[in-house]
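# Structural characterization, general
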Amino acid sequence: MAKDIYRVDATGDPTSLKSGPIVEGETIQPIIYDLSPSRFSSNYNKRPTISTKYFDPEPSSGIDISTIYLKLDNIDFTNNATITETQITYTPSTDLSLGKHKVEIGVKDLSGKIKIFNFYFYIIEPLTTENFYFGVPYAHTSYSDGALTPVDVFTYVRDVAKIDFLVITDHSNWLDMNEWNDALTQANNFTQNGVFVALF
Ligand SMILES: [Ca+2]
């Protein structure tokens, strides 16, 4: 059973200890969660609030908040962040560029176990023109438990049904490599910019 022991310095002097018990057998890193912006999300706001929460799961020595850091695109912004016992928050003071951005968060617990976590988000421009498109996001062919081959299906929906897109979603474990490669090839061949999108 775990019992509390207390941190002392190399001389054994307990007066220099950091607050908080070290739990015997403490082997679990802190958990970083509740990411903002969401992983791989696309964001119009060029100064999005970046934040995560964290805690040290049981058996817990507690979070050492003096160790928390936040990097955005490999630059350390910890000094510009707001840090609490449970959360770090940072809002960029200048616009971020369009494209992909990387966040790195690191935090140790009081027993020294470190958790480093990376995630990505994107900044995108809002669409200036929007359209309605019609299509089918789910269809099976004879390559699994549906009817007709991918060529037949793509041809029909493009030329007869005249929809804008079709996604073939056959059960992948039913396909052999020839069928898999053929369906991918047909999807590429049938996709025509501005006319029809074929996905597999
Ligand atoms: Ca821990």
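The rules behind the values
Residues numbered from 1 in each chain as written. Predicted model: local features only at pLDDT ≥ 70, side-chain atom pairs only at ≥ 80, totals over all residues. Helix = DSSP H or I, 4+ residues; strand = E, 2+ residues; numbered from the N terminus. Buried ≥ 20, exposed ≤ 12 C-beta atoms within 10 Å, placed from the backbone. Contact = placed C-beta atoms within 7 Å. Pairing = 2+ DSSP bridges. pLDDT = per-residue confidence, 0-100.

Tallying secondary structure elements over the protein chain gives two helices and 14 strands in all. Considering the protein chain as a whole, with its 200 residues, one finds that 20% of them fall into the buried category. Relative to all contacts within the protein chain whose residues are 6 or more apart in sequence, the contacts with residues 24 or more apart total 59%.

What follows deals with the sheet that holds strand β14 (residues 197–199). Sheet architecture is open: three strands sit in the order β12-β13-β14, paired in parallel fashion. Both edges of this open sheet fall to β12 (135–136) and β14, since each of them pairs with a single strand only. In the sheet, strand β13 (residues 165–167) pairs with β14 via three bridges, with the strands oriented parallel. If you follow phenylalanine 165 over to β14, its bridge partner there is valine 197.

What follows deals with the confidence of the model for the protein chain. Considering every residue of the protein chain, the mean pLDDT works out to 89; 88% of them sit at 70 or more. A low-confidence stretch, residues 11–18 stays under pLDDT 50, and its non-local contacts, those more than four residues away or across chains, total nine contacts.

Further remarks concern the pairing of strand β6 (residues 63–72). Two strands pair when backbone bridges link them, and β6 and strand β10 (residues 99–109) are joined in this way by six bridges, in the antiparallel orientation. Each bridged residue has a counterpart across the sheet, and for tyrosine 69 the counterpart in β10 is glycine 106. Connecting β6 to the antiparallel partner strand β7 (residues 75–76) that follows it, the hairpin turn spans two residues, and aspartate 73 within it adopts a positive phi of roughly 50°.

We now examine the environment of isoleucine 124. With respect to the helices, strands and loops of the structure, isoleucine 124 is situated in the loop between β11 (114–123) and β12. On the basis of neighbour count, isoleucine 124 is assigned to the exposed category, with 12 C-beta atoms found within 10 Å. C-alpha of isoleucine 124 to C-alpha of asparagine 45: the two residues are 79 residues apart in sequence and 8.3 Å apart in space. Aside from chain neighbours lying at most four places away, what touches isoleucine 124 is Ser42, Asn43, Tyr44 and Leu98.

With respect to the helices and strands, threonine 82 occurs in strand β8 (residues 82–83). Along the sequence, threonine 82 and serine 51 sit 31 residues apart, while their C-alpha atoms lie 9.3 Å from each other.

Taken together, the four strands give an open sheet; going across it, the order is β3-β5-β9-β8, and neighbouring strands pair in antiparallel fashion. Two strands in the sheet have a free side with no partner beyond their single neighbour: β3 (31–36) and β8. Strand direction decides the pairing type here: strand β5 (residues 50–55) and strand β9 (residues 87–90), joined by four bridges, are antiparallel. Paired with threonine 52 across the strands is isoleucine 88, a residue of β9.

The next subject is unusual backbone geometry. Omega for the peptide link from serine 36 to proline 37 comes to -5°, which places this bond in the cis form. Secondary-structure assignment places proline 37 in the loop between β3 and β4 (42–43). We note that phenylalanine 40 has phi near 60°; this positive angle belongs to a residue other than glycine. Inspection of the secondary structure puts phenylalanine 40 in the loop between β3 and β4. Of the residues examined, phenylalanine 40 has 10 C-beta atoms within 10 Å and is grouped as exposed. A positive phi is found at leucine 148, a non-glycine position, where the angle reads about 70°. Along the polypeptide, leucine 148 turns up in the loop between β12 and α1 (150–161).

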